[in-house]
Amino acid sequence: MFPAYADVPGYVLVFPVLYGAMAYFALAMARHLRVFAAARSSNPFASVPRRAAGLVVYALGQARMFRDARAGVMHIAIFWGFVVLTVGTADIATGGLVQAIVGWPLGGALWSAVTALGNVAAVAVLLAVGYAGWRRLVSRPHRLALTRGALVILGLIGGVVGTELLAMAFEAARSGDRAGAVVANAIGAPLRGADPGLLQLAFAASWWAHVLLVAAFLCYLPGSKHLHMATSFFNVYLRKLAPRGELPAMDLEAEGATFGVRTIADLGWKDLLDGFTCTECGRCTEACPANATGKSLDPRAMIMGIRHLAVDAEHGLNLIPNSPLVRETYGLDDRLAPAALATPIVDAAIPYDAVWDCVTCGACVEACPVLIEHVDKIVGLRRNLVLEETRFPPELN
C-alpha cells in the first residue's frame, strides 16, 4: 500500500502518531491564542513590502544572530538543516507522496539530490547541536542560562536528526547504497557483513525512534522556550515599524479610560506574541546599560515574566474548548476568567525599581534577534504607575 516504506514494520501506525502529535500542537497553540484574544487589539499589518523584506533579512537570513559570528553560524546551521530535513519527515507523514512527486521528473535525480542535501544537512545540524551543547555546558557565556529546557530541546533536535541518519545507514548496510545518501552510505558500508536480521532490527528501531522523537518534539514545543521556531516568523513580520520611541496616544479626557499597562489584559496581543517568541538568548540583558551597572533591570526576565503570566492565565482552560451548548446545558464554562488576567505585571514580571531603572535607550530592542519590543512595555508600565497609582520615585517630583 505504501511501497516507499514497505520494509518498515507497522508503518501504518505513523499516521495516528504523527497526526495525533500535530493535532495536539495545533490545539495547544489555539489555547495560547485564547489568551491573546483577551488582550488589547494590535494592528501591525500595514507596509507589506517592508514587512516581507524584514522576513528575508531577520527570519530567513537571521542577520542579528551574526553579531556573534560563531553563534550565528551554529543557529543558521540548525535552522536551515531542520528545514531541509523536514522534507523527509513530510514524506514519512504522507506515505511516500513527497518522494513520488519529487522523484518523478529526471528519473529520480531530483530526489537523489534532495537526499544528498539532507545527509549533508544532518551532519551540519549534529555538529551545530554539539557546539550548542558545549557552549551551554562548558564555555558557558555569561548571557546564556543553563536550563533543563535548553538541554531537552538540544537532545530532541539531535535525536530527531541522528536517528534519521542512522536508519538510513542501517538500510544502506542491509539493502545496498541508497541513491544520494552519501553520508548514510559511508556509515553503512562497514556494517554490510553483519547479520541481515540484526540490521533490519537496528533499522526498524532507529526509524521508529525518529518518528516518536518527531512526535515528542511537536508535543513539547508549545510549552517550551523553543516555541520561537513557530512564532519568530510572525513576530518579525508583525514588528513595530513606527519610529523607535513613538508611543500610542492617550485620551486623558475619555470617560472610563485606563492609562498605560497594569496587567497582561492591557497589553496588545502583539506584546504577548513577543513573550512567546523570546529565545532567552540574553542578548537584550547583555546590551542593557542599566543592567551592566548593577541595577535590577533585566529585559529578558521581564519578557519571560510576561510570558509566564500569559501561561498562568491558561490554567483551567481545556485543550478543546467546550461548545456554547455544553456550557449552557452542563454549566461547564471553560472560558478565560477575568481574574486570570488580573495579576499586575509590576512586581510579578518586573520589579518596581527596575521599571524606573530603564533609560529607554532601546539597546535591548536593537540587540534582539527576533525583534521584540521591550521599551514600549516599560513605558506603558510607567504611565500606569504615574497616572493611576501615583507611584513613582520621589526624584521625579
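Placed above this text is the structure.
Bear in mind that the values here come from a model prediction, so they are computed numbers and not experimental data.

### With respect to the pattern of salt bridges
When charged atoms on two side chains of opposite charge get close, those side chains can pair.
Phase 1: Going through the model one piece at a time under the given rule, you end up with 18 salt bridges.
Phase 2: In this structure, D347 and R391 form a salt bridge, with 4.0 Å as the shortest nitrogen-oxygen distance. With a gap of 44 residues between them, D347 in the loop between α14 (324-330) and α15 (352-357) and R391 in the segment after α17 (375-387) connect regions that are remote in the sequence.
Phase 3: Classification of D347 by relative accessible area gives exposed; the value is 55%.
Phase 4: On the basis of relative accessible area, R391 is assigned to the partly exposed category, the value being 30%.
Phase 5: The salt bridge involving R391 is made with E389; its shortest N-O contact spans 3.3 Å.
Phase 6: Overlapping salt bridges, with partners in common, bring together R64, R67, R244 and E366 in one network.

### Some words on the nonpolar core
Phase 1: Ranked by internal contacts, the top residues of the largest apolar core, which has 84 residues, are W207, I264, I345 and I350.
Phase 2: Broken down by element, the residue count for this core peaks at twelve residues, all from helix α6 (residues 148-175).
Phase 3: Among residues more than four places away in sequence, those in contact with I345 are V261, R262, T263, I264, L267, I306, L309, I350 and L381.
Phase 4: The next biggest cluster of nonpolar side chains, apart from the first, holds five residues, and it includes C284, C364, V365 and V375.

### A few points about the side chain of K377
Phase 1: Mapped onto the elements, K377 comes out in helix α17.
Phase 2: A residue is classified by how much of its surface remains accessible, and K377, at 3% relative accessible area, is buried.
Phase 3: A polar contact is formed between the side chain of K377 and the side chain of D271, at a distance of 3.1 Å.
Phase 4: Excluding residues that lie within four positions of it along the chain, K377 makes contacts with L267, D271, D274, M302, I303 and I306.

### Some details on a nonpolar patch on the surface
Phase 1: A contiguous nonpolar surface patch, about 390 Å² in accessible area, is contributed by V56, V57, L60, W80 and V83.
Phase 2: Only α2 (48-60) and α3 (69-93) provide two or more residues apiece to the nonpolar patch.
Phase 3: Position of W80 relative to the elements: it lies in helix α3.

### Some points on the state of the cysteines
Phase 1: Across all of its chains, the model carries zero disulfides by this definition.
Phase 2: The structure places no disulfide on C281, whose sulfur is separated from the nearest cysteine sulfur, that of C284, by 6.3 Å.
Phase 3: C288 takes part in no disulfide bond, and the closest cysteine sulfur to it belongs to C361, at a distance of 6.5 Å.

Here is what the cut-offs are and how they apply
- For every chain, the first residue of the written sequence is number 1, and numbering continues from 1 onward in sequence order.
- Only residues with pLDDT of 70 or above have their local features reported here, since the model is predicted, and side-chain atom pairs are shown and tallied only from 80 upward, although totals for entire chains, interfaces and linings are computed over all residues.
- The side-chain quantities take in all heavy atoms of the structure and omit both hydrogens and water.
- Here, a salt bridge means any side-chain nitrogen of Lys or Arg that lies within 4 Å of a carboxyl oxygen of Asp or Glu.
- Numbering of helices and strands runs from the N terminus, with a helix taken as a DSSP run of H or I at least four residues long and a strand as a DSSP run of E at least two residues long.
- To sort residues, take the accessible area from a 1.4 Å probe on protein chains only and compare it with the maximum for the residue type: under 20% means buried, over 50% means exposed, and anything in between is partly exposed.
- The definition of a nonpolar core used throughout is a set of buried Ala, Val, Leu, Ile, Met, Phe, Trp, Tyr and Cys residues joined through side-chain atoms within 4.5 Å.
- Whether two residues are in contact is decided by their heavy atoms: any pair within 4.5 Å suffices.
- Here a polar contact is recorded for every N or O atom pair within 3.5 Å, except that within protein the pair must consist of a potential hydrogen donor and a potential acceptor, and residues adjacent in sequence are included only if both atoms are side-chain atoms.
- Patch membership needs two things, relative accessible area over 30% and no salt bridge, and members are linked within 9 Å if like-charged or within 5 Å if nonpolar (Val, Leu, Ile, Met, Phe, Trp, Tyr).
- Where accessible areas are quoted, they stem from the Shrake-Rupley method and a 1.4 Å probe; at the residue level, only the protein chains shown are allowed to cover.
- The disulfide definition used here is simple: a pair of cysteine sulfur atoms within 2.5 Å.

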